[in-house]
Amino acid sequence: MGRSTTSGIYQCTDRIPIVDSLFEIPVAFVKHPLSTILLWLLFAVASISMYFVFIDFQAAQEKELGKSTAFGFSIFVVLYQLYKLTGGLSQYWILYLTSEPYAE
């Protein structure tokens, strides 16, 4: 894979550790809107699904607050990792599509 035309933008946004993927969404959307929408839509579906799983778990564990809190934290960690994975996959895909041998 050759040098990408957007690698400088990603080097700049990668310096901001937690919200870097959010800043990269507009860049990815401009370069390849369909894959960006698909990736982040799948992330949104997973997030909403995990919210409903948490609500159901919380309803089932009404009296034991500790289990509900630990489960909620676990879901938060899983969704954060999924967020980072989605952002990394989006970044890789855009860098691949905009690299010199494959650029349009």
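The model shown is predicted, which means the values in this text are computed figures rather than measured ones.

### Observations concerning the packing of helix α2 (residues 20-31) against helix α3 (residues 33-60)
Helix packing for two helices is described by the angle between their axes and how far apart those axes are. Closest axis-to-axis distance for the α2/α3 pair is 6 Å, and the angle between their directions is 140°. From α2, Ser21, Ile25, Ala28, Phe29, Val30 and Lys31 reach across to α3, where they touch Pro33, Thr36, Ile37 and Trp40.

### Here we look at the nonpolar core
Membership of the largest hydrophobic core is limited to five residues, which are Tyr10, Val27, Ala28, Ile94 and Leu95. Listed by contribution, the elements that provide at least two residues to this core are α2 and α4 (65-97).

### Notes on the packing of aromatic side chains
In total, this model carries eight aromatic pairs according to the counting rule given. Plain terms: the ring middles of Tyr92 and Tyr96 are 6.3 Å apart, the flat faces sit at 20° to each other, and that makes the pair stacked. Of this pair, Tyr92 and Tyr96 both sit in helix α4, four residues apart, which is roughly one turn of the helix. The class of Tyr92 is partly exposed, set by a relative accessible area of 46%. Looking at Tyr96, the relative accessible area reads 25%, which means it is partly exposed.

### Digging into the environment of Leu22
Structurally, Leu22 can be placed in helix α2. Taking the relative accessible area as the measure of exposure, Leu22 reaches 48% and is therefore partly exposed. Taking the C-alpha atoms as reference points, Leu22 and Leu89, separated by 67 residues in sequence, lie 13 Å from one another.

### Focus: the side chain of Glu24
By the secondary structure assignment, Glu24 is in helix α2. Look past the residues within four positions of Glu24 in its chain and what remains in contact with it is Tyr10, Thr13, Asp14, Gly87 and Gln91.

### Some remarks on the confidence of the model for the chain
Should pLDDT be low for a region, the predicted coordinates there are not to be read in detail. Across the chain, the average pLDDT comes to 88, with 95% of residues at or above 70. Mean pLDDT per element in the chain: helix α1 (residues 7-13) is the minimum at 85, and α3 is the maximum at 94.

### Some remarks on α4
The end-to-end C-alpha distance of α4 is 48 Å, a good match for the 48 Å that 33 residues give at a rise of 1.5 Å each. Regarding α4, the residues found buried are Ser68, Ile75, Leu79, Tyr83, Thr86, Gly87, Ser90, Gln91, Ile94 and Leu95.

### Remarks on the packing of α3 against α4
Between α3 and α4, the least distance of the axes is 10 Å, while the angle of their chain directions is 175°. As summarised for this structure, α3 and α4 are arranged roughly antiparallel, according to the angle between their axes. When grouped by side-chain class, the residues that make up the contact of α3 with α4 number 15 nonpolar, eight polar and one charged.

What counts, and where the lines are drawn
- Residues numbered from 1 in each chain as written.
- Predicted model: local features only at pLDDT ≥ 70, side-chain atom pairs only at ≥ 80, totals over all residues.
- Heavy atoms only, no water.
- Axes fitted to C-alpha atoms, helices over the stretch in contact; angles between N-to-C directions.
- Helix = DSSP H or I, 4+ residues; strand = E, 2+ residues; numbered from the N terminus.
- Contact = heavy atoms within 4.5 Å.
- Core = buried A, V, L, I, M, F, W, Y, C linked by side-chain atoms within 4.5 Å.
- Buried < 20%, exposed > 50% of the residue type's maximum accessible area, 1.4 Å probe, protein only.
- Phe/Tyr/Trp six-rings, centres within 6.5 Å; stacked < 30°, edge-to-face > 60°.
- pLDDT = per-residue confidence, 0-100.
- Expected span 1.5 Å × (residues − 1).
- Parallel < 35°, antiparallel > 145°, perpendicular 65-115°, else oblique.
- Nonpolar A, V, L, I, M, F, W, Y, C, P; charged D, E, K, R; others polar.

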